[in-house]
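# A closer look at the structure
Here is how the chains run, residue by residue.
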Amino acid sequence: MANPIYILNGPNLNRLGTREPEIYGHTTLVQVEAMCREAAGATPVEFHQSNREYEIIEWVHEAIDAPAGGIIINPAAFTFTSIAILDALKMFPGPIIELHISNIHRRDAIYHNSLVSKVATAVIAGLGPSGYRTAVGAMKELILA
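Figured I'd write up the structure that's included with this text. (Residues numbered from 1 in each chain as written. Predicted model: local features only at pLDDT ≥ 70, side-chain atom pairs only at ≥ 80, totals over all residues. Heavy atoms only, no water.)

## Observations regarding the overall build of the chain
Formally: By definition, any uninterrupted DSSP run of H or I lasting at least four residues is a helix, any uninterrupted run of E lasting at least two residues is a strand, and each is numbered from the N terminus. Burial status follows relative accessibility: with a 1.4 Å probe on protein chains alone, a residue under 20% of its type maximum counts as buried, one over 50% as exposed, and anything between as partly exposed. Surface accessibility follows the Shrake-Rupley procedure with a 1.4 Å probe radius. Residue values consider only the protein chains on display as shielding.
Looking only at helices and strands, the chain features 5 helices and 5 strands. Moving toward the C terminus, one meets the helices and strands of the chain in the order β-α-α-β-α-β-α-β-β-α. Taken along its principal axes, the extent of the C-alpha atoms in the chain is 40 × 30 × 25 Å. Out of the 145 residues belonging to the chain, those deemed buried represent 47%. In the form shown here, the chain has an accessible surface area of approximately 7,100 Å², with 52% of it arising from carbon and sulfur atoms.

Shown next, in the form of C-alpha cells:
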C-alpha cells in the first residue's frame, strides 16, 4: 500500500462555498475532499482542515511519523504568518505542494509573501478548487519519481 498523501487546509477553508464566492467559488470543502480522493485513486489520502495552527502542526508531525508520501497544504492565512508551520514543514523529508485557490500574487500586497513557499517543492495558485485535483496528480508523480 502506498504512503498516504496528506492534504492540509488552514483557517476559514471550512467556509468554502459561502465565503467570498467571487474569489473562492461555490465549491464546498466536502466537494474538494471528494475531488481529491477521486484524483488519488488507490493512493490513500489524509484530508484535514483546521482553524487552529497547532492542529496543522500536529498533522505535519503525523505526516513525518506515518510516513506520508507527500503533503499538499493550503495554509490559507497561516501562509503569511506562521513560522511554526514553516518550521514543522522543514522537518518533512518528502515533497510539499503549497496550494491556493486564488492567485495570491494578484491580490493585495499582504498576500504576496508566503513563508510556506520557502520550503515547498511546488506552488499551485489561481486554479480555483480544481487546483486540488492538479496538486494530487502532481503529487502522485513526485512520489513516483
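## Points about the packing of helix H3 (residues 53-65) against helix H4 (residues 83-90)
This is how the line gets drawn: To obtain each axis, a line is fitted to C-alpha atoms, and for helices this fit is confined to the stretch in contact; angles are then taken between N-to-C directions over 0 to 180 degrees. If an angle is under 35 degrees, it is roughly parallel; if it is over 145, roughly antiparallel; if it lies from 65 to 115, roughly perpendicular; otherwise it is oblique. Contacts: residue pairs with any heavy atoms within 4.5 Å of one another. Three classes are used, and their members are as follows: Ala, Val, Leu, Ile, Met, Phe, Trp, Tyr, Cys and Pro are nonpolar, Asp, Glu, Lys and Arg are charged, and the others, Gly among them, are polar.
Viewed as axis vectors pointing N to C, H3 and H4 meet at an angle of 5 degrees, and their least axial separation amounts to 9 Å. Taken together, H3 and H4 sit at an angle that is classed as roughly parallel. Contacts between H3 and H4 involve Glu53, Ile56, Ile57, Val60, His61 and Ile64 on the former and, on the latter, Ala84, Ile85, Ala88 and Leu89. Classifying every residue of the contact of H3 with H4 by side-chain character gives 8 nonpolar, 1 polar and 1 charged.

## Brief notes about helix H5 (residues 130-144)
Worth spelling out the cut-off: Any helix carries an expected span of 1.5 Å times its number of residues minus one. This arc describes the spread of directions from the helix axis toward the C-beta atoms.
Given a rise of 1.5 Å per residue, 15 residues ought to cover 21 Å, and the 22 Å separating the end C-alpha atoms of H5 matches this to within 8%. Here H5 has its buried residues at Gly131, Tyr132, Ala135, Val136 and Met139. For H5, the buried positions fall inside an angular range of 140 degrees around the axis, keeping them on one side. Opposite the packed face of H5, turned more than 90 degrees from it, sit the exposed residues Glu141 and Leu144. Elements that come into contact with the buried residues of H5 comprise strand E1 (5-9), helix H2 (29-40), strand E3 (70-74), strand E4 (96-100) and strand E5 (122-125).

## Quick notes on the sheet that holds E3
Put simply, the test is: We treat two strands as partners when DSSP finds at least two bridges between them.
The parallel open sheet is built from 5 strands, whose spatial order is E2-E1-E3-E4-E5. In this open sheet, the two edge strands, each paired with only one partner strand, are strand E2 (45-49) and E5. Direction aside, neighbouring strands of the sheet carry axes that sit 15 degrees apart on average. One ladder, built from 5 bridges, connects E1 with E3; its direction is parallel. Within E3, the position partnered with Ile5 by the bridge is Gly70.

Functional significance is not addressed by these values, which are geometric in nature.
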